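Single-letter residue listing:
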Amino acid sequence: MTPFIAPETVPSASMESMSSTMPRPLLEVEDLRMYFAITSGILLSRHVGDVRAVDGLSLSIQKGETVGLVGESGCGKSTVGRAILRLYRPTAGRVIFEGQDITKAEGSTLRAVRRRMQMIFQDPYASLNPRMTAAGIVSEPLEIHGVSSGRERAQRVRDLLATVGLDPDYGDRYPHEFSGGQRQRIGVARALALHPDLIVADEPISALDVSIQAQIINLLEHLQEEFGLTYLFIAHDLSVVRHISDRIAVMYLGKIVETAGSRDLYERPLHPYAVALLSAVPIPDPAIEGRRRRIILTGDVPNPSNPPSGCRFHTRCWLRERLGNPERCVEEEPILREMAGRHDVACHFAEEVDGTAEQVQVTGRRAGAGAAGEAGAQGAGTAVSSTSREPETGATQVVVAPETPTAPEGPAPRRRDRG
Amino acid sequence: MPLLSVRDLVVRFRTHDGTVYAVNGVSFDLDEGETLGLVGESGCGKSVTNLAVMRLLPAPAGRIEGGRVYFEDEDLIALDESEMRDLRGKEIAMIFQDPMTSLNPVLTIEEQMVETIKAHKKVTAKEARARAVELLTMVGIAQPEGRLRDFPHQFSGGMRQRVMIAMALALQPKLLIADEPTTALDVTIQAQVLELLSRLAADHGTAVILITHDLGVVAGMTRRINVMYAGFVVESATTPELFAGPSHPYTVGLLHSMPRLDAQPGEPLIPIEGTPPDLRFAPTGCPFAPRCAWRVDRCWTEMPSLDPIGATTEVITTGPEATHRSACWNRPTAAEAAAGRPLREGFVPAAQPVEAAR
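Residues numbered from 1 in each chain as written. Chains lettered and ligands numbered in written order. Predicted model: local features only at pLDDT ≥ 70, side-chain atom pairs only at ≥ 80, totals over all residues.

Participant: Could you give an account of the overall build of chain B, naming the residues involved and the relevant values?
Facilitator: Check the secondary structure of chain B and you find 12 helices and 12 strands. The C-alpha atoms of chain B give a radius of gyration of 22 Å, which matches the 21 Å a tight globule of 358 residues would have. Its C-alpha atoms give chain B principal-axis dimensions of about 75 × 50 × 40 Å. Taken across its 358 residues, chain B has 49% of its residues classed as buried. Considering only residue pairs separated by 6 or more positions, chain B has 67% of its internal contacts joining residues 24 or more positions apart. (Helix = DSSP H or I, 4+ residues; strand = E, 2+ residues; numbered from the N terminus. Rg over C-alpha atoms; globule rule 2.2 N^0.38 Å. Buried ≥ 20, exposed ≤ 12 C-beta atoms within 10 Å, placed from the backbone. Contact = placed C-beta atoms within 7 Å.)

Participant: Outline the nonpolar core, listing residues and values.
Facilitator: Soluble globular proteins: nonpolar side chains tend toward being buried together. Grouped together as the largest cluster of nonpolar side chains are 209 residues, with contacts concentrated most on A:Val138, A:Val200, A:Leu232 and A:Val250. Non-local contacts of A:Val138, meaning those with residues more than four positions away in its chain, are made with A:Val157, A:Leu160, A:Leu161, A:Ile186, A:Ala189, A:Arg190 and A:Ala193. (Core = buried A, V, L, I, M, F, W, Y, C linked by C-beta atoms within 7 Å.)

Participant: Got a sec to walk through the sheet that holds strand β5 (residues 74-75) of chain B? Specific residues and values, please.
Facilitator: Residues and elements named next belong to chain B. Pairing in this open sheet of four strands is antiparallel, and the strands run β2-β1-β4-β5 from one edge to the other. Here the strands that pair on one side only, and so sit at the sheet edges, are β2 (18-30) and β5. Across two bridges, strand β4 (residues 62-71) lies against β5 in antiparallel orientation. Looking at β5, one finds that tyrosine 70 is bridged to aspartate 75. (Pairing = 2+ DSSP bridges.)

Participant: Explain the confidence of the model for chain A to me, using residue names and the numbers behind them.
Facilitator: Interpreting fine coordinate detail is not advised for predicted regions of low pLDDT. Residues and elements named next belong to chain A. Looking at chain A as a whole, its pLDDT mean stands at 82, while 82% of the residues score no less than 70. Below pLDDT 50 for its whole length, residues 1-20 participates in 37 contacts with residues either more than four positions away or in separate chains. Confidence drops under a pLDDT of 50 for residues 367-419, and excluding neighbours within four residues, the segment shows 88 contacts in the predicted structure. (pLDDT = per-residue confidence, 0-100.)

Participant: Just give me the short version of the environment of A:Ile256, but keep the residues and values in it.
Facilitator: Residues and elements named next belong to chain A. With respect to the helices and strands, isoleucine 256 occurs in strand β10 (residues 255-261). Owing to 28 C-beta atoms within 10 Å, isoleucine 256 belongs among the buried residues under this scheme. Residues isoleucine 256 and valine 345, spaced 89 residues apart in sequence, show a C-alpha to C-alpha distance of 8.4 Å.

Participant: Go over unusual backbone geometry with me, naming the residues and quoting the values.
Facilitator: Residue and element names in this part refer to chain B. Note the cis peptide between alanine 59 and proline 60, where omega equals 0°. By secondary structure assignment, the location of proline 60 is in the loop between α1 (46-53) and β4. Positive phi values are uncommon outside glycine, yet aspartate 8 reaches one of about 50°. Along the chain, aspartate 8 falls in strand β1 (residues 4-15).

Participant: Describe α1(B), naming the residues involved and giving the relevant values.
Facilitator: Residues and elements named next belong to chain B. Buried residues dominate α1, accounting for six of its eight residues. Residues of α1 that are buried include every one of Lys46, Ser47, Val48, Thr49, Ala52 and Val53, and no others. Just past α1, the residue arginine 55 takes up positive phi, approximately 55°.

Participant: Tell me about the confidence of the model for chain B, residues and numbers included.
Facilitator: Of all residues in chain B, 99% attain a pLDDT of 70 or more, and the chain-wide mean is 91. Listed scores for the predicted complex are pTM 0.84 and ipTM 0.86.

Participant: I'd love a proper account of helix α6 (residues 210-227) of chain A, names of residues and values included.
Facilitator: Under the 1.5 Å per step criterion, the end-to-end length of α6(A) is 26 Å for 18 residues, consistent within 8% with the ideal 26 Å. Those residues of α6(A) that fall on the buried side of the exposure criterion are A:Ser211, A:Ile212, A:Gln213, A:Ala214, A:Gln215, A:Ile216, A:Ile217, A:Asn218, A:Leu219, A:Leu220, A:Glu221 and A:Leu223. (Expected span 1.5 Å × (residues − 1).)

Participant: Lay out the interface of chain A and chain B with the relevant residues and their values.
Facilitator: With 58 residues of chain A at the contact, the number on the chain B side is 52 residues. Put simply, the parts of the chain that give the side of chain A that touches chain B at least two residues each are α6, α7 (238-244), α8 (262-267), α9 (272-280) and α10 (286-291) of chain A. The element that contributes the greatest number of residues to the side of chain A that touches chain B is α6(A), accounting for seven residues. Residues that form the side of chain A that touches chain B fall into these classes: 29 nonpolar, 16 polar and 13 charged. (Nonpolar A, V, L, I, M, F, W, Y, C, P; charged D, E, K, R; others polar.)

Participant: Can you lay out the packing of α6(A) against helix α11 (residues 249-257) of chain B for me, pointing to particular residues and giving the numbers?
Facilitator: Two elements in contact, α6(A) and α11(B), have axes whose closest approach is 9 Å; the angle formed by their N-to-C orientations is 45°. In terms of orientation, α6(A) lies oblique with respect to α11(B). Handedness of the α6(A)/α11(B) crossing: left-handed. Seen from α6(A), the contacting residues are A:Val210, A:Ser211 and A:Ala214; seen from α11(B), they are B:Gly253, B:Leu254 and B:Ser257. In the contact of α6(A) with α11(B), the residues fall into three nonpolar, three polar and no charged. (Axes fitted to C-alpha atoms, helices over the stretch in contact; angles between N-to-C directions. Parallel < 35°, antiparallel > 145°, perpendicular 65-115°, else oblique. Left-handed = near helix turned anticlockwise from the far one by under 90°.)

Participant: Talk me through the pairing of strand β10 (residues 232-238) of chain B; I want residue IDs and the actual numbers.
Facilitator: Every other side chain in a regular strand lies on the same face of the sheet, so the side chains alternate between the two faces. Residues and elements named next belong to chain B. Across the seven residues that make up β10, a large majority, seven, are buried. Across two bridges, β10 lies against strand β12 (residues 325-326) in antiparallel orientation. Residue pairing for β12: glutamate 235 is matched across the bridge by serine 326.

Participant: Hey, could you go over the domain arrangement of chain A for me, with residue numbers and the actual values?
Facilitator: Reports of interface size often rely on the accessible area that becomes lost once the parts have come together. All names here are of chain A. Per the domain assignment, the segments making up chain A are domain 1 (62-86 + 100-262) and domain 2 (269-378). Here domain 1 and domain 2 have C-alpha centroids that lie 32 Å from each other. Listed per partner, the contact involves 15 residues of domain 1 and 20 residues of domain 2. Counting only elements with at least two residues in the side of domain 1 that touches domain 2, the list comes to α7, β9 (247-252) and β10. The element that contributes the greatest number of residues to the side of domain 1 that touches domain 2 is β10, accounting for seven residues. (Domains from an automatic or database assignment.)

Shown next, in the form of structure tokens:
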């Protein structure tokens, strides 16, 4: 298994600022494997197989960068986050944090590293102890790591609560007295307490109401700018991941199938799965929805304890069907290869994806090009159905969001505004 | 004559913590074969409205305290329980968010489907079974004969939702209420289920009420949309009109606070500040006022009615010509809706009057 980035030779960088003299990444993951044993029997439990949650995954994150990890439930994306923080002991592979191999770290070494890597969890209801006050929750990391004490610590906690937009006087309240969005702010404050370098955010907004999600996204962006944080942002919602990430890795069944700069991935996805995933995300605009080409994948995600041979996506692949079901997809496992500058794809036939109507129409923005690709897509077979959801009215007017960002005075500023 | 007509529906819950004002005077109509989206976040009353239509509110806490629900001219609120039971499933069917909890885990799919069919139609068990096979085939489940003997846990989430759709359409209802049918599903499975739902509804001429918090889902699936907030319908329009010219600050806020797949890089999100209101307090004024950037003094004390936009006096409530209406004292202009914030020189949202502060 070749890692998609040879860490010494090709340093990772966001697409915009590619350079051969980039510093060493903050985090490097090499050929990570995380298997969970399946046992059978009551008294004598026999090892009968493994759930291969993560099966040979490589990733690197530069300091100050946000890398998005997307995929459907069960693809192993949360396991990657937990293995990086060493909440699990990886089955194989290496996790390197600032040049230090922490894969087998124990005791005080591990504790010292964990101080610099923190996590924000999905469920702000389950991830806060209901019997501790907000201040108690936020000061716990300080206690565990013996940072400050007494009045100084109390002041630090008040500062942290203010930083995440909570009233410091609410510190003596319990989690149930806060709304979902406020609770997630407490979770963010706890993650910030030890001045970490890396924050793994595992679906941090998916449990929140739609009108609250933007508040937390803006908060995370604002904090990144203020404290120079590095994020691994794990989520299933591609719209959110696109918004917040510099680079994105798409996972399918324990492996990365495509990795690219955020903009590049959305404009020119090259893996058939990435194209299908993007095409399935609804866009709140009936005119665009009407002209998009939606790829309906058949069936469900296969069982990760017994993944398909060769390319793991071949059982559901729309492109393979169009190409007349080549045997190579079943026999040979595709490796991640560089297709364009810093755009890696694990598909034998990624060249065939480029320029198809499916790829061009993925976000519905690039009209015009669709007509040329139309003919090619007609014989696409059953997997591709160009669902015509167009209301007959044709929707002449479209609200085009302003091209130049005109942020109001109030909320947190965008990272790139201050640069 | 619309298929369904809800008039001034008021639903309250009596709980230990006091009265919850869940639905506060909701009216809407639905034609045969029409698809209507009900959009709003959790607690806005969109699910409760439809549970009230189905007369499935949790008793004794939930009560319909006012209003009328007409289905094909019949007042559903006046029906007794046995008449209502005849109607459910046969005339109005419902699909819920979580297919695992809405299927019985200890019965096979066959037992559940046959039970549904036999409850409403005089058919033999064999005929009912044949119909079940036909329905599973229709929703794209392979080897339907064999799968009928399986239990719900042997199906994946997407397949369970297909089974739910098959059961909902078993008796060819005139109205299908789908309450967040794809929220528990992955995005690729969501696409499968939505495609199936819209195709089947169109084939059978079934009217659909699609309840969701996802504006993207309703954009592709519905012809008309009601946006709800805190138990009120705050905006009502045909789908193209709602997205082209949102005219309630909450709708504008929703559209600007969600990242879009097709957004320009660096486009900022404009969040809706604050949190949804506590429904244990009787609404005074517009419930969105505390979070609204357009609020004026009147918003704190008086709830505006759902009025047409522009000079129209005649209101069309259904179909592609439906009148665009919103409940707002200070509607955002088209430019403001596009920008996501008020653009008027020197405009400051009105402060909460002292006497109204709790």
